[in-house]
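Each chain is listed here by its residues.
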Amino acid sequence: MKKENIYKFLYIVAALLVVGFAIAFGVDAYKYNTGGYWGSAPLYAYALVDAVEYLLPSLAFFLAGLICKKKYAKKENIDK
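For every chain, the first residue of the written sequence is number 1, and numbering continues from 1 onward in sequence order. At least 70 in pLDDT is required for a residue's local features to be given in this predicted model, at least 80 for side-chain atom pairs to be given and counted, and no such filter applies to totals for whole chains, interfaces and linings, which use all residues. Working from all heavy atoms in the structure, the side-chain values ignore hydrogens and water.

*Asks:* What is the right way to look at the overall build of the protein chain in this model?
*Replies:* Secondary structure is summarised from DSSP: a helix means a run of H or I of at least four residues, a strand means a run of E of at least two, and numbering begins at the N terminus for each. In terms of helices and strands, the protein chain carries 2 helices and 0 strands. The reference for a compact globule is 2.2 Å times residues^0.38; the radius of gyration itself is calculated from the C-alpha atoms. In summary, the protein chain has a C-alpha radius of gyration of 18 Å against a globular reference of 12 Å for 80 residues, an excess of more than 25%. Each principal axis of the C-alpha distribution contributes one length, and for the protein chain these read about 60 × 20 × 10 Å. Here a residue-residue contact requires only that any non-hydrogen atoms of the pair lie within 4.5 Å. The contacts of the protein chain with a sequence gap of at least 6 include a subset with a gap of at least 24, amounting to 70%.

*Asks:* What exactly am I supposed to notice about the environment of Leu 16 here?
*Replies:* Residue position: Leu 16 is located in helix H1 (residues 6-33). C-alpha separation for the pair Leu 16 and Tyr 54, spaced 38 residues apart in sequence, amounts to 9.2 Å.

*Asks:* Any chance you could explain H1 here in plain terms?
*Replies:* Three or four residues apart is the spacing at which side chains of an α-helix point the same way, because the helix has 3.6 residues per turn. Residue count minus one, scaled by 1.5 Å, sets the expected span of a helix. With 28 residues, H1 should reach 40 Å at 1.5 Å per residue; the first-to-last C-alpha distance of 41 Å fits that figure. All of the buried residues in H1 are Tyr 7, Leu 10, Val 13, Ala 14, Leu 17, Gly 20, Phe 21, Ala 24, Asp 28 and Ala 29. Two residues or fewer past H1, Gly 35 is found with a positive phi of approximately 85 degrees. Accessibility here uses a 1.4 Å probe with only protein chains present; expressed as a share of the type maximum, an area under 20% marks a residue as buried, one over 50% as exposed, and anything in between as partly exposed.

*Asks:* How should the packing of aromatic side chains be read in this particular structure?
*Replies:* The geometry of an aromatic ring pair comes down to the distance between the two centres and the angle between the two planes. The rule is short: rings of Phe, Tyr and Trp, with Trp giving its six-membered ring, pair when the centres are within 6.5 Å, and they are stacked under 30 degrees, edge-to-face over 60, tilted in between. Scanning the model with the defined rule gives 4 aromatic pairs in all. Ring geometry for Phe 21 against Phe 25: centres 6.1 Å apart, planes inclined by 5 degrees, an arrangement best described as stacked. Linking Phe 21 with Phe 25, this pair stays in helix H1, spanning 4 residues, or about one helical turn. Put simply, the rings of Tyr 7, Tyr 11 and Phe 62 touch in pairs and so form one group of aromatic residues.

*Asks:* What is the right way to read the side chain of Asp 28 from this model?
*Replies:* Relative to the helices and strands, Asp 28 resides in helix H1. Asp and Glu count as negative and Lys and Arg as positive, but His and the ends of the chain are not part of the count. Here, a salt bridge means any Lys or Arg side-chain nitrogen found within 4 Å of an Asp or Glu carboxyl oxygen. Lys 31 provides the closest opposite charge to the buried, unpaired Asp 28, separated from it by 6.0 Å. Excluding residues within four positions of it along the chain, Asp 28 makes contact with Tyr 37, Leu 43, Tyr 46 and Asp 50.

*Asks:* I keep staring at the environment of Val 18 and nothing clicks. Help me out?
*Replies:* Tracing the backbone through its elements, the reader meets Val 18 in helix H1. When neighbours within four sequence positions are excluded, Val 18 is seen to be in contact with Leu 55 and Ser 58.

Structure (C-alpha cells):
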C-alpha cells in the first residue's frame, strides 16, 4: 500500500467502527427491552459504554486519516 493511500484505510477502519457501534448498541437495546439484562443500569449507560468503546477510536482514526491526507496532499503539491 502506498503511503499516499493510507488515509483511505484509516477512513475504512473509522467507518467499520461506526457500524460496529450501531450493531452493538442495537443488540444492547434489544436485550434491554426483552429483559435480557438483569442489571439496573439505564439504557443510556450501555450507549455511553458503546460510544467510548467504538466511537472514540473511530474519531481518532478519522482524524488521523485527515492529517495523513493533508500531509501527503501538501507533499504532492510541493513536488509538482
